[in-house]
Amino acid sequence: MKLKLMLTALTLSTAFIHHVSYAAYPQFTWGPEFVSNEVEMDHEHQALFFTLSSLCDAFEKKNLEDTKRIFHGVVNWAVTHFASEEAHMQEIGYAHLEVHKKAHQDLVEKIQEVTPSVEAGTADGEGLMNFLHDWLYHHIPNADIPAYGKS
Ligand SMILES: [Fe+2]
Ligand SMILES: [Fe+2]
């Protein structure tokens, strides 16, 4: 199982690095698999879904000003949410907090890597959005929700 997760992570990051072409922009659709017992975290996740959907729209419409503005909104939301989630995990004494923090940090670094191309209007929007979609759809149910329930 652990190996399978590692292989999935490797495949995702490889696809991202090599800008594999995706057929379309993904849908960020909220569903029961993302609902946890922490209402505040769910609200923050929902805000992320909403902002990411808007970012897909901006990329799709090739509206560079909107793309840059919403992209920075996504970055701010992600950083704010990660900090609040890590504080929550610290509060409940989550045993694997450092590993979780590392996963957040790795994502922030990937976002920082792609920032210049977003600013320049040369980013692979579909590749970026599919990467973020896959990361979020994996991270919330498999890393966030199990952590909220454990101490
Ligand atoms: Fe998380
Ligand atoms: Fe989260």
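See the structure shown above.
Residues numbered from 1 in each chain as written. Chains lettered and ligands numbered in written order. Predicted model: local features only at pLDDT ≥ 70, side-chain atom pairs only at ≥ 80, totals over all residues.

Trainee: An account of the overall build of the protein is needed here, citing residue identities and associated values.
Mentor: Broken down by element type, the protein carries five helices and zero strands. Along the chain direction, N to C, the helices and strands of the protein fall in the order α-α-α-α-α. Residues counted as buried form 17% of the 151 residues belonging to the protein. Long-range pairs, those at least 24 residues apart, make up 74% of the contacts in the protein with a sequence separation of at least 6. (Helix = DSSP H or I, 4+ residues; strand = E, 2+ residues; numbered from the N terminus. Buried ≥ 20, exposed ≤ 12 C-beta atoms within 10 Å, placed from the backbone. Contact = placed C-beta atoms within 7 Å.)

Trainee: Give me the lowdown on helix α3 (residues 64–91), citing residues and values where you can.
Mentor: Between its terminal C-alpha atoms α3 stretches 40 Å, which fits the 40 Å expected from 28 residues at 1.5 Å a residue. Residues of α3 that are buried: Thr 67, Ile 70, Phe 71, Ala 78, Glu 85 and Met 89. Where α3 is buried, its residues meet α2 (39–60), α4 (97–120) and α5 (125–148). In the stretch just after α3, Gly 93 is the one whose phi turns positive, near 70°. (Expected span 1.5 Å × (residues − 1).)

Trainee: Pulling in residues and values, what's your account of the nonpolar core?
Mentor: Formed by 14 residues in total, the largest nonpolar core has its most connected members in Leu 52, Leu 55, Cys 56, Leu 128, Met 129 and Leu 132. Counting only elements with at least two residues in this core, the list comes to α2, α3 and α5. With five residues, the single largest contributor to this core is α5. Not counting residues within four places of it along the chain, the set of residues in contact with Leu 128 comprises Val 114 and Ala 123. (Core = buried A, V, L, I, M, F, W, Y, C linked by C-beta atoms within 7 Å.)

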